[in-house]
Amino acid sequence: MIVVMKLNAPETQVEQVKKRIVEMGFTPHVIHGVEKQVIGAVGDKSGQRLPGELETLEGVEKVLPISSPYKLVSREVKDQDSVIKVGEVEIGNRDLPVMAGPCAVESYEQVSSIGRFLKDAGVPVLRGGAYKPRTSPYSFQGLELEGLEILYQVGKETGLKIVTEVLSPSDVETVSSYADMLQVGARNMQNYPLLKEVGKSSMPVLLKRGMASPVEEWLMSAEYILAEGNERVVLCERGIRTFENYTRTTLDISSVPLVKQLSHLPVIVDPSHSGGSWKLVPSLSRAAVSAGADGLIIEVHHNPPEAWCDGGQSLNYQNFLELLKELQPVADAVGRNLSLSMEEHKVKEAHIL
Ligand code: PEP
Ligand code: MN
């Protein structure tokens, strides 16, 4: 259920309501709106009929049931879009942050070269896997701690924010000390111990959609994180399995407007893992932005044919710059601010020519 407080209800009244919610056996979560505070009461008993008694407490405007199975991530508890900050980068407002970088961290030289290029191209967030969830146990599994150190170092040198994947609950603390945002990958979307652990942290979390998961299960996974107290969740559509084999997965473009109707959380799109081919990345990116995505995460490599992982879907520098140029009018058309501080010829001179 949600308890909607009256306009400007004082903190003492909010505390009183929270106390009563705890006494009733629920867990209170205060959701700060622009005008009014709303208190979500969640727990095992939330399917039961509402105790009308809460409505009689001072400062309470109304008490409403939440009809969706997910509660804290639902639009029902919060009308306004959540804006998640990664350092000074904001996701979920009119800005359109692009995150980019290699699939995997391979060496300091590689990440440093890509990081400096991306910085000059105006990209605010660098991606790169230090712990890689590979389908085959014989594939490269990532540089692990050494990879984290490289990301941290390049982050410090360039000022880029770092997003990187965490595979196991026991690594959350370590990864948090090197990164600015934790990525939970598609294969771990329903790893509940991991979701609970990132939920206990105060780091922003990028939650990818499982490749065989309906939108409702994806939102339920986000609910796990919020229920532990971490509201800093950004969803990421990365394609789902269908019968189509020409693409790695099928970008479910409809999930973008759908999630925005169902939830207040931001949603970004990963066109690289969706299509699985660099040639599809520009069109899928434009489609994502026009469908209302709050950002993109794109694989970029200085030499894709030599990449240790996902080279076939990684853009080289030239193609990435072209993609950014093509995105600009699409972003303008849907009222989004791509805000790239790029001087193309200088970036080309420094990194390509
Ligand atoms: C990745 O982003 O490197 C990755 C492995 O993606 P996904 O979890 O979407 O497959
Ligand atoms: Mn990859």
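Residues numbered from 1 in each chain as written. Chains lettered and ligands numbered in written order. Predicted model: local features only at pLDDT ≥ 70, side-chain atom pairs only at ≥ 80, totals over all residues. Heavy atoms only, no water.

Draft legend 1. Quick look at the sheet that holds strand β4 (residues 60-64). Across the sheet, 4 strands lie side by side as β2-β3-β1-β4; this open sheet has antiparallel pairing. Only two strands of the sheet have a single neighbouring strand rather than two, namely β2 (27-32) and β4. When the angles between neighbouring strand axes are averaged without regard to direction, this sheet yields 20 degrees. Of the strand pairs in this sheet, strand β1 (residues 2-5) and β4 are connected by 4 bridges, and their pairing is antiparallel. Paired with Val-3 across the bridge in β4 is Val-63. Of the strands in this sheet, β1, β2, β3 (37-42) and β4 touch helix α1 (residues 11-23), which is tilted by about 10 degrees from β3. (Pairing = 2+ DSSP bridges. Helix = DSSP H or I, 4+ residues; strand = E, 2+ residues; numbered from the N terminus. Axes fitted to C-alpha atoms, helices over the stretch in contact; angles between N-to-C directions. Contact = heavy atoms within 4.5 Å.)

Draft legend 2. Representation of the pairing of β1 within the structure. Here β1 shows no split at all, with Ile-2 and Val-4 on one side and Val-3 and Met-5 on the other all buried. Across 3 bridges, β1 lies against β3 in antiparallel orientation. Bridge pairing links Val-4 to Val-38 in β3. (Buried < 20%, exposed > 50% of the residue type's maximum accessible area, 1.4 Å probe, protein only.)

Draft legend 3. A look at the domain arrangement of the protein chain. Domain boundaries assigned for the protein chain yield domain 1 (2-64) and domain 2 (84-351). Computed from C-alpha coordinates alone, the two centres of domain 1 and domain 2 are separated by 36 Å. (Domains from an automatic or database assignment.)

Draft legend 4. Broad picture of the coordination of the manganese ion (ligand 2). Binding of the manganese ion (ligand 2) to the protein goes through Cys-103 (SG), His-273 (NE2), Glu-299 (OE) and Asp-310 (OD), at separations of 2.0 to 2.4 Å. Residue classification places Cys-103 among the buried residues on the basis of a relative accessible area of 3%. (Donors = N, O, S within 2.8 Å, 3.2 Å for Na, K, Ca; no water.)

Draft legend 5. Quick peek at the packing of helix α5 (residues 192-200) against helix α6 (residues 215-227). The contact between α5 and α6 brings their axes to 7 Å, and the two run at 45 degrees. Taken together, the axes of α5 and α6 lie oblique to each other. Handedness of the α5/α6 crossing: right-handed. On α6, the residues that touch Tyr-192, Leu-195, Lys-196, Val-198 and Gly-199 of α5 are Ser-221, Tyr-224 and Ile-225. Taken together, the residues that form the contact of α5 with α6 break down as 5 nonpolar, 2 polar and 1 charged. (Parallel < 35°, antiparallel > 145°, perpendicular 65-115°, else oblique. Left-handed = near helix turned anticlockwise from the far one by under 90°. Nonpolar A, V, L, I, M, F, W, Y, C, P; charged D, E, K, R; others polar.)

Draft legend 6. Expanded view of the site of ligand 1. Surrounding ligand 1, one finds Arg-127, Lys-132, Glu-165, Gln-183, Gly-185, Ala-186, Arg-187, Lys-208, Arg-238, His-273 and Glu-299. Measuring from an oxygen atom of ligand 1, one finds a side-chain N or O atom of Lys-132 at 2.8 Å. Ala-186 is positioned with one of its backbone polar atoms (N or O) 2.8 Å from an oxygen atom of ligand 1. Protein contacts shield 97% of the accessible area of ligand 1, which totals 290 Å² for the unbound molecule. (Near = heavy atom within 4 Å. Polar contact = N/O pair within 3.5 Å; in protein donor to acceptor, adjacent residues only side chain to side chain. Areas by Shrake-Rupley, 256 points an atom, 1.4 Å probe, with all protein chains shown as cover.)

Draft legend 7. Quick look at the packing of aromatic side chains. Overall, the coordinates contain 5 aromatic pairs when judged by the stated rule. Here Phe-117 and Phe-320 contribute two aromatic rings whose centre-to-centre distance is 6.1 Å and whose plane-to-plane angle is 65 degrees, an arrangement assigned as edge-to-face. Placement of Phe-117 in helix α2 (residues 108-120) and of Phe-320 in helix α10 (residues 317-333) is noted, with a sequence separation of 203 residues between them. Taken together, the ring pairs connect Phe-117, Tyr-317 and Phe-320 into an aromatic cluster. (Phe/Tyr/Trp six-rings, centres within 6.5 Å; stacked < 30°, edge-to-face > 60°.)

Draft legend 8. Here's a closer look at unusual backbone geometry. Of note, Asn-8 is a non-glycine position whose phi angle comes to about 60 degrees, a positive value. In this structure Asn-8 comes out as exposed when scored by relative accessible area, which is 66%. At Glu-144, a position not held by glycine, the phi torsion is positive, near 55 degrees. Relative to the assigned elements, Glu-144 resides in the loop between β8 (125-127) and α3 (145-158).

Draft legend 9. Structural context of α1. Over its 13 residues, α1 runs 18 Å from end to end, which matches the ideal 18 Å to within 8%, given 1.5 Å per residue. Residues of α1 that are buried include every one of Gln-13, Val-14, Val-17 and Ile-21, and no others. Summarising the axial view, the buried residues of α1 lie within an arc of 105 degrees, below the 170-degree limit, and thus occupy one face. Summarising the geometry of α1, the exposed residues directed more than 90 degrees from the buried face are Thr-12 and Val-22. Looking at the packing, one finds that the buried side of α1 touches β1, β2, β3 and β4. (Expected span 1.5 Å × (residues − 1). Arc of directions from axis to C-beta.)

Draft legend 10. Up close: the pairing of strand β10 (residues 181-184). Taking every second residue as pointing to the same face, both faces of β10 are buried, with Met-181 and Gln-183 on one and Leu-182 and Val-184 on the other. In this structure, strand β9 (residues 161-165) lies alongside β10, joined through 3 bridges in parallel fashion. Paired with Glu-165 across the strands is Gln-183, a residue of β10. Note: β10 against strand β11 (residues 205-208), 3 bridges, orientation parallel. Bridge pairing links Leu-182 to Val-205 in β11. The β-α-β motif built from β10, the intervening α5 and the parallel element β11 has right-handed crossover chirality. (Right-handed = clockwise from strand over helix to strand, strands pointing away.)

Draft legend 11. Looking closely at the pattern of salt bridges. In total, this model carries 15 salt bridges according to the counting rule given. In this structure, Asp-81 and Arg-75 form a salt bridge, with 2.4 Å as the shortest nitrogen-oxygen distance. Judged by its relative accessible area of 37%, Asp-81 falls in the partly exposed class. Under the relative-accessibility criterion, Arg-75 is labelled buried at 17%. A salt bridge links Arg-209 to Glu-237, with the nearest nitrogen and oxygen atoms 2.8 Å apart. Here the residue Arg-209 occupies a position in the loop between β11 and α6, and Glu-237 occupies one in strand β12 (residues 233-237), the gap between them amounting to 28 residues. For the pair shown, Arg-209 and Glu-237 are each scored as buried. (Salt bridge = Lys/Arg side-chain N within 4 Å of Asp/Glu carboxyl O.)

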